[in-house]
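So the chains spell out like this:
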Amino acid sequence: MSTVTTEALQNARIAVLGYGSQGRSHVLNLRDSGLDVVVGLRAGGPTAAKATADGFEVVSPEEAVKGADLVAVLTPDMVQPTLYTDVIAPNIKPGAALLFAHGFNVHFKTIVPRADIDVILVAPKGPGHLVRTEYEIGRGVPCLYAVFQDVSGSAVDKAKAYAAGLGGARALLIETDFKEETETDLFGEQAVLCGGASELVLKGFETLVEAGYRPEIAYYEVLHELKLIVDLLYQGGITKMLTYISETAQYGDYVSGPRIVDAATKERMKAVLTDIQDGTFAKNWTAEYKAGLPNYTKWKQADLDHPIEKVGAELRKKMTWLNEA
């Protein structure tokens, strides 16, 4: 059992800005850990109503920041710079802690924190609903933690205490820094988890359909069954996956996997990582957001309109178990 506790925040006022999936889970877990939490949200919005229904004190973001010993910023990355400039910087008190769940804006300097505050990071390695459900059954989701700025001399203790309040200390706390967390997180999303996986699925589907196979069959083979493999990887790594798939599938893995993802693929992954490391991705994403998301909107719609989505929507109607949870 971990000896890390919430003691460093026992007498602290914690303001959480944002009440999405992560925000709600953080606030519920922190409250259930006995910490004093206030939610800072704009009045009249759906998230404010939800937080109120959950029994929280909801005040304006400005009011929440003014009285806080720790301010947790759990809003989307692209709205954080304006939130910091307009709300946080004018109101956060000296010596307080500013906490992020992702280091993007601090690392790429779109937020330059005041010099008289602690700046820390706590990043649960799981989606919000898992952070909550694991806490409720007495476990926790592992958390990364980091310190960017330590004015009080107790920034590490605050970060660990916050992670403990989320339940992370029940599982595993891993120390990192803002640079490592940001760059590895972006790379994982782009090269493997989101960009890489979804493009692999789409290209596999297209290859089968263009070769004359039925779209429904292609859907099952390259998308639906992916969950079976991912679950095995998630539970026990490559070792468990190889244990549970057939020898035929294993042989195909060995002879064909390197033909699809080869040395050239790795070189392109390195190029993606370089764009992340040198700030190119952050610069382009910030510019895209400021321009009103024209390319983002176009690319997203293209994914939504892809034939695999139309086929999948019809097939999933027959999979009643998908909606039983």
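Residues numbered from 1 in each chain as written. Predicted model: local features only at pLDDT ≥ 70, side-chain atom pairs only at ≥ 80, totals over all residues. Heavy atoms only, no water.

Peer 1: Is there a simple way to think about the side chain of Ser25 in this case?
Peer 2: With respect to the helices and strands, the residue Ser25 is situated in helix H1 (residues 21-32). When near neighbours in sequence (up to four residues on either side) are disregarded, Ser25 contacts Gly128, His129, Val131 and Arg132. (Helix = DSSP H or I, 4+ residues; strand = E, 2+ residues; numbered from the N terminus. Contact = heavy atoms within 4.5 Å.)

Peer 1: Could you clarify how one ought to interpret the pairing of strand E5 (residues 97-100) in this entry?
Peer 2: In the case of a regular strand, side chains alternate between the two sheet surfaces. Of the two faces of E5, both are covered, the one formed by Ala97 and Leu99 as well as the one formed by Leu98 and Phe100. Two strands pair when backbone bridges link them, and strand E4 (residues 70-73) and E5 are joined in this way by four bridges, in the parallel orientation. Each bridged residue has a counterpart across the sheet, and for Leu70 the counterpart in E5 is Ala97. A crossover links E4 with its parallel partner E5, the connecting element being helix H4 (residues 80-91), and its sense is right-handed. One ladder, built from four bridges, connects E5 with strand E6 (residues 118-124); its direction is parallel. The residue of E6 that forms the bridge with Phe100 is Leu121. (Buried < 20%, exposed > 50% of the residue type's maximum accessible area, 1.4 Å probe, protein only. Pairing = 2+ DSSP bridges. Right-handed = clockwise from strand over helix to strand, strands pointing away.)

Peer 1: Looking at this structure, how should I read the environment of Lys66?
Peer 2: Mapped onto the secondary structure, Lys66 falls in helix H3 (residues 61-66). C-alpha separation for the pair Lys66 and Pro90, spaced 24 residues apart in sequence, amounts to 8.8 Å.

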